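Read off the chains here:
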Amino acid sequence: MGIFGRKNDETATVPSADTAALTGDYTIDPAHSTLGFVARHAMVTNVKGSFQQFEGSLHLDGSDPAKSTATLDITMESITTGSPDRDGHLKSADFFKTDEFPTMTFRSTKAEALGGDDYRITGDLTILGVSRPVTIDLEFNGAAKDPFGNERVGFEGKAEIKRSDWGVTWNAALETGGVLVSDKIKLNFDISAIKNA
């Protein structure tokens, strides 16, 4: 079932025994997770970037997914787009003011099971000291025990935000019309988390 698929079947949100066994607290593994973003550049191409340093936790309730929670703290200095000059500009006062606001955070406020492997989590995303709600659609990729004995779970997620909602408004007009950097930003998450002992 696709990540944006929906089921109206009333039994779709009934957790299986396997899902119930996943209940517990997890720590996000940065070495096997990716927090990425995509912005339109000069109206013609996409620039992709990611954050290299972050930490977070999950509490999964397999019996009642609505009780699940997530937290994430992202080090803004770790932003990378493959261009040191562009990265420096993103860290500057034009964009993220990383000297003044070193961390971006997410704190969940609501979790929903949508049926199958699809979930939705809503929470407060704080950038530049401004907190606004964001909804992330998630697909559960499964659970496994790795060779080191760690119990892992994996999720993929997608969301779209307007950076201007957080006061990130710098831009430059193009001679041909339009602007250099899109207001709409796509967020992509690949999360691997290890169950706490």
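The text that follows walks through the structure, step by step, so that each part is easy to find. (Residues numbered from 1 in each chain as written. Predicted model: local features only at pLDDT ≥ 70, side-chain atom pairs only at ≥ 80, totals over all residues. Heavy atoms only, no water.)

**Here's the deal with the overall build of the chain**
Right, so step 1: Each helix and strand counted, the chain has two helices and eleven strands in total.
Right, so step 2: A globule of 197 residues ought to have a C-alpha radius of gyration of about 16 Å, and the chain, at 18 Å, matches this closely.
Right, so step 3: Expressed as lengths along the three principal axes of its C-alpha atoms, the size of the chain is roughly 60 × 40 × 30 Å.
Right, so step 4: Considering only residue pairs separated by 6 or more positions, the chain has 58% of its internal contacts joining residues 24 or more positions apart.
Right, so step 5: If you sum the accessible surface of the chain, you get close to 10,800 Å²; carbon and sulfur atoms cover 51% of it. (Helix = DSSP H or I, 4+ residues; strand = E, 2+ residues; numbered from the N terminus. Rg over C-alpha atoms; globule rule 2.2 N^0.38 Å. Contact = heavy atoms within 4.5 Å. Areas by Shrake-Rupley, 256 points an atom, 1.4 Å probe, with all protein chains shown as cover.)

**A short note on the packing of aromatic side chains**
Right, so step 1: Following the criterion strictly, the structure yields three aromatic pairs and no others.
Right, so step 2: Consider the rings of F95 and W170, whose centres lie 5.3 Å apart with planes at 55 degrees: the pair is tilted. With F95 in the loop between α2 (84–91) and β7 (103–115) and W170 in the loop between β10 (151–162) and β11 (181–195), the pair connects residues that are 75 residues apart, well separated along the chain.
Right, so step 3: Its relative accessible area of 5% is what places F95 among the buried residues. (Phe/Tyr/Trp six-rings, centres within 6.5 Å; stacked < 30°, edge-to-face > 60°. Buried < 20%, exposed > 50% of the residue type's maximum accessible area, 1.4 Å probe, protein only.)

**Examining the nonpolar core**
Right, so step 1: Membership of the largest hydrophobic core comes to 40 residues, with the highest contact counts inside it found for L58, F96, L125, I127, I136, V153 and F155.
Right, so step 2: It is β11 that contributes the most residues to this core, five residues altogether. (Core = buried A, V, L, I, M, F, W, Y, C linked by side-chain atoms within 4.5 Å.)

**A look at the environment of E77**
Right, so step 1: Along the chain, E77 turns up in the loop between β5 (69–75) and β6 (79–80).
Right, so step 2: In contact with E77, not counting residues within four places along its chain, are K91, T98 and D99.

**A short note on the pattern of salt bridges**
Right, so step 1: Overall, the coordinates contain seven salt bridges when judged by the stated rule.
Right, so step 2: Measuring nitrogen to oxygen at the nearest pair gives 3.1 Å for the salt bridge that ties D137 to R120. Of this pair, D137 sits in strand β9 (residues 130–145) while R120 sits in strand β8 (residues 118–127), placing them 17 residues apart in sequence.
Right, so step 3: Judged by its relative accessible area of 10%, D137 falls in the buried class.
Right, so step 4: In this structure R120 comes out as partly exposed when scored by relative accessible area, which is 23%.
Right, so step 5: When the shortest N-O distance is used, the salt bridge between K184 and E160 registers 3.9 Å. Placement of the pair is K184 in strand β11 and E160 in strand β10, with a sequence separation of 24 residues. (Salt bridge = Lys/Arg side-chain N within 4 Å of Asp/Glu carboxyl O.)

**Examining the pairing of strand β3 (residues 45–51)**
Right, so step 1: Relative to β3, strand β2 (residues 34–41) runs antiparallel, the two sharing seven bridges. For H41, the partnering residue across the bridge sits in β3 and is T45.
Right, so step 2: Adjacent in sequence and paired antiparallel, β2 and β3 are bridged by three residues, among which A42 carries a positive phi angle near 55 degrees. (Pairing = 2+ DSSP bridges.)

Function cannot be read off these values alone, since they describe shape.
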